[in-house]
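# Chain and residue survey
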Amino acid sequence: MPSFWIKDVTIVNEGRQFVGSVCIEDGQIARVEEHPNAQPADASLYLLPGVVDEHVHFREPGLTHKADIESESRAAAAGGVTTVFDMPNCVPQTTSIEAWERKMQRAEDVCRVNYAFHFGATTSNANLFSRLDSHRIPAVKVFMGSSTGGMLVDREEALRRIFAESPLPLMAHCEDTSIIEENMQRVQAREGADPDVRFHPVIRSREACLRSSELACRLAEEYDAQLMVAHVTTAEELGMFGGGRIVAEACVPHLVFSDRDYASLGTRIKCNPAVKTLADREALRKALTTGQIHTIATDHAPHLLSEKQAGHAAKAPSGMPMVQFSLVAMLNLVDEGVLTLPRLVELMSHNPSRFFSLEGRGFIREGYHADLVMVRRTEPWTLTSEDVISKCGWSPLEGRSFGWRVENTFVNGKLAYDHALGVQDDVRGEAATFAPSRR
């Protein structure tokens, strides 16, 4: 690869914002220069480390009518996301070493950005943990509340074995299944078999989240496990976090929407855990700057719009596409004063890299992979379905206006996306690697 410079641009990295230049050679950052007292060549452009999204569902294998690794990684590149960690609840589930290896082989052929795949815990596969490739698997994902077949692990005996024996960080989906089932029965008795979606946060309640998160944190402390509680949604849960080996992830839907949006968006914003109250959303936003939230991810989980519209609280599938517009959505929060641009970079790039011990990515540092995104502050533009690259063809953010756009995305020093040219078909990502012995 020929070397090239990105010159005289405002760089945002490691808590600072400064004018400088970056030299890229052989896919790596060869040099970072700071230009004190200089003015940027274009004041509307900012160079950030590429987003590391530790929480996506690219639906391959088995659910490729709605999404696949190729289509969703194209959307990621267009959104400034340069590294993704995919979840195990596909078909078949990524709960065997053979299934994980098949996904890795597929991604090598088609993935437009860097990739890794979480390994899924079940009630009976902890015996495989000693064989996991800790250099290439980011975490063991445990669904402590889920309707995803055999991946539900809610018996404390099985959970204890997972927390005790995992050689990798744990990432937990925390909702108490018994509470959810009781809530569903009560609401259905009053509202019918498929209640209106506005009852989704009543069914998938704050109590269900709180009880399960408390259990996960208690087990992590007992076994000295490194734990990320995924997609935290309630103000009460935030009191459990503040640093150390147990951290919280916030996801874009819960930072953007509240239960007031069910009236206009319906099942488009149905996800698990549920989008909750405006007060919860504001508490999550505040926690972005207090240290209680450690990372921002998307929980990108596409479904066809026809599937989303085929039911309500009981029958409509949960999840929404988010990876393409997560960065611009969060940049809107910067404009609203919710957090600073350096803090946004910390939450979306630096901290995911730190927590999972991601090697050579997530920072603008000499010797690191040149995973970079150029964003432009621009006149407001309104998102339509025609902008959507994800295979499902829609976004819950349609009709919203944004004051930023992704101008360029570089993956390992190669131009993977350009605003004028689109996603570049000849670029492929690499398998992410992680420092060993992370437990």
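Before any of the text, the structure's been laid out above.
The shown structure was predicted, so the numbers you read here are calculated from the model rather than taken from an experiment.

### Some remarks on the packing of helix H3 (residues 156-165) against helix H6 (residues 206-223)
- With their axes 9 Å apart at the nearest point, H3 and H6 run at an angle of 45 degrees to one another. As far as their axial angle goes, H6 and H3 are oblique. For the pair H3 and H6, the sense of crossing is right-handed. Side by side, H3 and H6 meet where Glu156, Leu159, Arg160, Phe163 and Ala164 of the first sit next to Leu215, Ala216, Arg218, Leu219, Ala220, Glu222 and Tyr223 of the second.
- Taken together, the residues of the contact of H3 with H6 sort by class into 8 nonpolar, no polar and 4 charged.

### As for the sheet that holds strand E2 (residues 16-25)
- What the 8 strands build is an open sheet, ordered E3-E2-E1-E4-E14-E15-E16-E17; its pairing is mixed. The open sheet terminates on both sides in strands that have one partner only, identified here as strand E3 (28-34) and strand E17 (422-423).
- Relative to strand E15 (residues 401-411), helix H11 (residues 326-335) is tilted by about 130 degrees, and along the sheet it contacts strand E4 (45-49), strand E14 (372-382) and E15.

### Some points on unusual backbone geometry
- The amide bond that connects valine 91 to the next residue, proline 92, takes the cis arrangement and shows omega of 0 degrees.
- Structurally, proline 92 can be placed in the loop between strand E6 (81-86) and helix H2 (97-110).
- Following asparagine 272, the chain continues into proline 273 via a peptide bond in cis, with omega recorded as -5 degrees.
- Take proline 273: it is sitting in the loop between helix H8 (262-265) and helix H9 (278-287).
- Unusually for a residue other than glycine, asparagine 37 sits at a positive phi of about 70 degrees.
- As for its position among the elements, asparagine 37 is in the loop between E3 and E4.
- When its relative accessible area of 81% is taken as the criterion, asparagine 37 is described as exposed.

### A few points about the pattern of salt bridges
- Across all of its chains, the model carries 32 salt bridges by this definition.
- Note that arginine 16 is salt-bridged to glutamate 34, the shortest N-O span being 2.6 Å. Pair noted here: arginine 16 is in strand E2 and glutamate 34 is in strand E3, with a separation of 18 residues, a long-range link.
- Owing to a relative accessible area of 40%, arginine 16 belongs among the partly exposed residues under this scheme.
- For the salt bridge of aspartate 68 with lysine 391, the shortest nitrogen-to-oxygen distance reads 2.6 Å. Linking aspartate 68 in the loop between strand E5 (51-56) and helix H1 (69-78) with lysine 391 in the loop between E14 and E15, this pair joins segments that are 323 residues apart in sequence.
- Residue classification places aspartate 68 among the buried positions, given a relative accessible area of 11%.

Parameters and conventions
Residues numbered from 1 in each chain as written. Predicted model: local features only at pLDDT ≥ 70, side-chain atom pairs only at ≥ 80, totals over all residues. Heavy atoms only, no water. Axes fitted to C-alpha atoms, helices over the stretch in contact; angles between N-to-C directions. Helix = DSSP H or I, 4+ residues; strand = E, 2+ residues; numbered from the N terminus. Parallel < 35°, antiparallel > 145°, perpendicular 65-115°, else oblique. Left-handed = near helix turned anticlockwise from the far one by under 90°. Contact = heavy atoms within 4.5 Å. Nonpolar A, V, L, I, M, F, W, Y, C, P; charged D, E, K, R; others polar. Pairing = 2+ DSSP bridges. Buried < 20%, exposed > 50% of the residue type's maximum accessible area, 1.4 Å probe, protein only. Salt bridge = Lys/Arg side-chain N within 4 Å of Asp/Glu carboxyl O.

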